[in-house]
Amino acid sequence: MNAVAVLAIDPNIGRLRGFVTDLADLVENAADEAEILEKGGALLARLVSSDDWLPDAFARPNPDRYQQYLLHCDSRERFSVVSFVWGPGQGTPIHDHRVWGLVGVLRGAERVEHFRRGADGRLEQVGPVGDLFECEVEAISPAAGDIHRVANGLADAPSISIHVYGGNIGAVERATYDLDGTAKRFISGYANKVVPNLWDRSSAA
Ligand SMILES: [Fe+2]
């Protein structure tokens, strides 16, 4: 990672600071998961409506695989915010989450396929393959079924989506799946060793 890019103060990083502060208030006060997903979805839609705040170091594709950069983790690990950077042709295996989630597209498009386990134990696709485009937000709820596969919706350019989860997602023990239903233990971790500095207010207008 480019240390200079990490150390530079981004004047618009306050958008992310405001988002995580609002989300902390919401998680603290919400009556249930449905309220978090509804109001948190509106907060995320506002965040991804501006594409001027994500530092370049956390928007870089990797030619070998998609990148999952941690942008912020709540100090009590009640939620985390991640930038997913998809190169052309890149995507995840089929996986679950075990915690609530919100997905908002900042740049390009994200392709989502939903799955559920059938009576025979195999995974079957639910609904059509759908593309999320810039500024669109989708919710993930384990209660409603949270098994999916995600990929870059663009064939010839990188895409970036901002994901929010109800835990420190890189540390959550969850699973990837084969289509025959075989589950494999999965802890994703993160691509970065340092996170953006949200808290230097000296450049704020
Ligand atoms: Fe996912």
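Structure first, text after, so check above.
Residues numbered from 1 in each chain as written. Predicted model: local features only at pLDDT ≥ 70, side-chain atom pairs only at ≥ 80, totals over all residues.

What follows is about helix α3 (residues 33–48). Here α3 spans 21 Å end to end across 16 residues, near enough to the 22 Å set by a 1.5 Å rise per residue. Among the residues of α3, I36, L37, G40, L43, L44, L47 and V48 are the ones counted as buried. (Helix = DSSP H or I, 4+ residues; strand = E, 2+ residues; numbered from the N terminus. Expected span 1.5 Å × (residues − 1). Buried ≥ 20, exposed ≤ 12 C-beta atoms within 10 Å, placed from the backbone.)

In terms of nonpolar packing, the biggest core is built from 44 residues, with L16, L44, Y69, L71, V82 and V164 touching the most fellow members. Contributions of two or more residues to this core are made by α2 (14–29), α3, β1 (67–73), β2 (80–86), β4 (101–107), β7 (137–140) and β9 (159–165). Residue contributions to this core peak at six residues, all from α3. Those residues in contact with L16 that lie beyond four places of it in its chain are W53, L71, H72, P196 and L198. (Core = buried A, V, L, I, M, F, W, Y, C linked by C-beta atoms within 7 Å. Contact = placed C-beta atoms within 7 Å.)

The next thing to look at is the environment of R149. Looking at the element boundaries, R149 is found in strand β8 (residues 147–152). In contact with R149, other than residues within four places in its own chain, are G91, T92, P93, I94 and E113.

Here we come to the packing of α2 against α3. Relative orientation of the contacting elements α2 and α3 amounts to 175°, with a least axis distance of 10 Å. It follows that α2 is roughly antiparallel to α3 by the angle criterion. Taken together, the residues of α3 that come into contact with α2 (itself represented by R15, F19, D22, L23, L26 and V27) are I36, K39, G40, L43 and L47. Among the residues making up the contact of α2 with α3, the classes are represented as seven nonpolar, one polar and three charged. (Axes fitted to C-alpha atoms, helices over the stretch in contact; angles between N-to-C directions. Parallel < 35°, antiparallel > 145°, perpendicular 65-115°, else oblique. Nonpolar A, V, L, I, M, F, W, Y, C, P; charged D, E, K, R; others polar.)

The buried count for β9 comes to seven of seven residues, which makes it a mostly enclosed element. A two-sided burial pattern is seen for β9, the buried positions comprising S159, S161, H163 and Y165 on one face and I160, I162 and V164 on the other. Across seven bridges, the pairing between β2 and β9 is antiparallel. Bridging from a neighbouring strand, F84 pairs with S161 of β9. For β4 and β9, the ladder comprises six bridges, and the chain directions are antiparallel. (Pairing = 2+ DSSP bridges.)

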